[in-house]
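Chains, contacts and geometry: an overview
Each chain, written out:
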2 protein chains.
Amino acid sequence: MTVTRRAQHVADTRDALVKAARELFAERGYAATGTEEIVARARVTRGALYHHFRDKKALFQAVMNDVAAEAAEALVTHELRYAQDQPGEPWDQLRHGFQSFLDVCTTGDFQRVVLIDGPAVLGPGAWDQLVDEHGHGLLAEWLRKAMANGEIDELPVAPLARLLAALISEASMFTARAEDPDAARREAGQVVDRVLQGLRRTEA
Amino acid sequence: MTVTRRAQHVADTRDALVKAARELFAERGYAATGTEEIVARARVTRGALYHHFRDKKALFQAVMNDVAAEAAEALVTHELRYAQDQPGEPWDQLRHGFQSFLDVCTTGDFQRVVLIDGPAVLGPGAWDQLVDEHGHGLLAEWLRKAMANGEIDELPVAPLARLLAALISEASMFTARAEDPDAARREAGQVVDRVLQGLRRTEA
DNA sequence: AACATCAACATACAGCTTGTATGTCACGGG
DNA sequence: CCCGTGACATACAAGCTGTATGTTGATGTT
């Protein structure tokens, strides 16, 4: 067996650390979470933590990647299924994808970890890295395609993708913190959709 | 004299605290700035700090209000002058205002303090409060007016204002962290303007 | 004018937290 | 079979925040 049992144990403790940290970071935020709580929940000691990660920030980085990867994967599979079920125009897929993106962002973990603490802990540019790494180069890709098809106006893709992502992120925050989440979700979705519609090709 | 000299000294130390904290928070971020550095720069002791502010977060709150108020004021005066110089259509003023907003957000202090550390330190909802307090209820006002004039489509104003503010905030981050800030500023401005244009009333 | 009082600080202290240095033990190769 | 090394656990040092206590100068009172 190439993968020894010991190696499994190692991976297991690492995963336990990331999982415990994720729960606590999402619940109380990065600053308010002590390493002691994390290792207690993971049922290891701080020694294990500092063996696997250089410092607390590195652990947070791992958690953030975890959350982002999960969200990206959920979005992709969701959209792939939709595209299969209903092979319509790319435009409709883009609209649908935006709404799905909104729903994905509205999960609690994503909000607190990626949107709130991420930039503060890892400095600005944390987003850039995430964006580059976890595929919403995907988003840029979609936009490029839509432009090539003449469905939306030509615009610099890089800033457009980032601004739209920020738009949706904020929409998710708005939704989550509203008194009436369902109503807020509808309103936010409506606004997002309208903004996207506004980008459609203006008939020359 | 109703305002005694002692009172001036008190206000002076408080201002010195806020100013020193603002510089350091903007430069190194909230978490990386110790209270000792702050009071050293303000040439007082930590006792003074904890006399004027309940804790470090309260000081940050004051700094954030300071930065936000300054930005809001700059924006307003700028726009008022523009409106006076060139009393055109409200639509043009809205477009111009967005670009000004972008420029205001691009100042270093605003980025780090309000956009990055603000939500993380004071929790989400810090934005809501700022938005409500420092007038970009102004923004909502403009939008309402533009809708009433039939210049842009009817949409829920609250989410629209927040999403547009987030859009511009992200545009400013994009601009500031780009290799070529000037080019990035142009691209970001172009995208923002295009999004805004997209909201114009669709001829029924 | 002497005195009490209180605000505006300064100083000293206690507790918590992070990171590191050191120790231990099991596993795995030679 | 034994020794080295990785994977932890433990113990320690340093820094930071918040609080409790001390001090001083202004201010109001009689």
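From a predicted model like this one, the values you see are computed outputs, not experimental measurements. (Residues numbered from 1 in each chain as written. Chains lettered and ligands numbered in written order. Predicted model: local features only at pLDDT ≥ 70, side-chain atom pairs only at ≥ 80, totals over all residues. Heavy atoms only, no water.)

In the region of DNA strand C, 18 residues are neighbours, and T4, T35, R46 and Y50 of chain A together with T45 of chain B sit closest. Counted by atom, the contact set of DNA strand C within 4 Å of the protein is 65% sugar and phosphate. At 3.0 Å, a side-chain N or O of T13 of chain B approaches a phosphate oxygen of DNA strand C. Interatomic distance of 3.0 Å between a side-chain N/O atom of H52 of chain B and a phosphate oxygen of DNA strand C. At the level of secondary structure, the elements contributing two or more residues to the surface near DNA strand C comprise α3 (46–52) of chain A together with α1 (5–28) and α3 (46–52) of chain B. The element best represented in the surface near DNA strand C is α3 of chain B, accounting for 4 residues. Residues that form the surface near DNA strand C fall into these classes: 4 nonpolar, 9 polar and 5 charged. (Near = heavy atom within 4 Å. Polar contact = N/O pair within 3.5 Å; in protein donor to acceptor, adjacent residues only side chain to side chain. Helix = DSSP H or I, 4+ residues; strand = E, 2+ residues; numbered from the N terminus. Nonpolar A, V, L, I, M, F, W, Y, C, P; charged D, E, K, R; others polar.)

Residues other than glycine seldom take positive phi values, yet R43 of chain A does so here, at roughly 60°. Here R43 of chain A is to be found in the loop between α2 (35–42) and α3.

The next point concerns the packing of helix α6 (residues 108–122) of chain A against helix α9 (residues 157–176) of chain A. Residue and element names in this part refer to chain A. Where α6 meets α9, the axes come as close as 11 Å, and the angle between the chain directions of the two elements is 130°. By the angle between their axes, α6 is oblique relative to α9. Seen along the crossing, α6 lies across α9 with a hand that is left-handed. Touching Q111, L115 and I116 of α6 are S169, S172, M173 and A176, all from α9. Each residue belonging to the contact of α6 with α9 can be placed in one class, and the counts come to 4 nonpolar, 3 polar and no charged. (Axes fitted to C-alpha atoms, helices over the stretch in contact; angles between N-to-C directions. Parallel < 35°, antiparallel > 145°, perpendicular 65-115°, else oblique. Left-handed = near helix turned anticlockwise from the far one by under 90°. Contact = heavy atoms within 4.5 Å.)

Here we come to helix α2 (residues 35–42) of chain B. Residues and elements named next belong to chain B. For α2, every residue scored as buried is listed here: T35, I38, V39 and A42. Around the axis of α2, the buried residues are gathered within 90° of arc, so they sit on the same side. Those residues of α2 that are exposed and angled more than 90 degrees off the buried face are E36 and A40. Where α2 terminates, the next one or two residues include R43, which has phi positive at roughly 55°. (Buried < 20%, exposed > 50% of the residue type's maximum accessible area, 1.4 Å probe, protein only. Arc of directions from axis to C-beta.)

The environment of DNA strand D is made up of 18 residues, and the closest members are T45 and H52 of chain A together with T35, R46 and Y50 of chain B. Counting only the atoms of DNA strand D that lie within 4 Å of the protein, the sugar and phosphate share comes to 62%. A distance of 2.7 Å is found between a phosphate oxygen of DNA strand D and a side-chain nitrogen or oxygen belonging to T35 of chain B. Separating a phosphate oxygen of DNA strand D from a side-chain N or O atom of K56 of chain B is a distance of 3.1 Å. Of all elements in the fold, only α1 (5–28) and α3 of chain A together with α3 of chain B reach the threshold of two or more residues within the surface near DNA strand D. Each residue belonging to the surface near DNA strand D can be placed in one class, and the counts come to 4 nonpolar, 9 polar and 5 charged.

Before going further, it helps to examine the UniProt feature "domain: HTH tetR-type" (unreviewed entry) in chain A. UniProt records the feature "domain: HTH tetR-type" (unreviewed entry) at residues 11–71 of chain A, using the numbering of this structure. Taken end to end, residues 11–71 of chain A has its terminal C-alpha atoms 22 Å apart, with 80% of it in helix and 0% in strand. (UniProt positions renumbered as here; feature names shortened; annotations may be inferred.)

All names here are of chain B. Tallied over the full model, the rule gives 6 aromatic pairs over all chains. One residue, K56, lies across the ring of Y30, its end atom 4.3 Å from the ring centre. When the ring centre of W91 is taken as reference, the NZ or CZ atom of R200 above it lies at 4.2 Å. (Phe/Tyr/Trp six-rings, centres within 6.5 Å; stacked < 30°, edge-to-face > 60°. Lys NZ or Arg CZ within 6 Å of the ring centre and 35° of its normal.)

This part takes up the interface of chain A and chain B. Each partner contributes to the interface: chain A provides 35 residues, whereas chain B provides 35 residues. Surface buried jointly by chain A and chain B totals about 3,200 Å² across both partners, of which 71% is contributed by carbon and sulfur atoms. Remark: the boundary between chain A and chain B carries 4 salt bridges. Among the salt bridges present, the one from D153 of chain B reaches R194 of chain A, with a minimum N-O distance of 3.0 Å. The tally of links from chain A across to chain B stands at 8 residue pairs in polar contact (both at pLDDT 80 or more). Listing elements by their share of the side of chain A that touches chain B, those giving two or more residues are α6, α7 (126–133), α9 and α10 (181–198) of chain A. In terms of residue count, the dominant contributor to the side of chain A that touches chain B is α9 of chain A (11 residues). When grouped by side-chain class, the residues that make up the side of chain A that touches chain B number 20 nonpolar, 5 polar and 10 charged. (Buried area = accessible area lost by both parts, 1.4 Å probe. Salt bridge = Lys/Arg side-chain N within 4 Å of Asp/Glu carboxyl O.)

On to the relation of the copies chain A and chain B. Mapping chain A onto chain B is achieved by rotating through 180° and translating by 0.0 Å along the same axis, at an RMSD of 0.1 Å. Given the turn and translation reported, the copies of this chain are related as if by a two-fold rotation axis. Among all C-alpha atoms of chain A, that of G198 of chain A lies closest to the rotation axis, at 1.8 Å. Comparing contact sets, 100% of the residues at the interface of chain A also lie at the interface in chain B, consistent with an isologous, same-surface contact. (Least-squares fit on C-alpha atoms with pLDDT ≥ 70 in both.)

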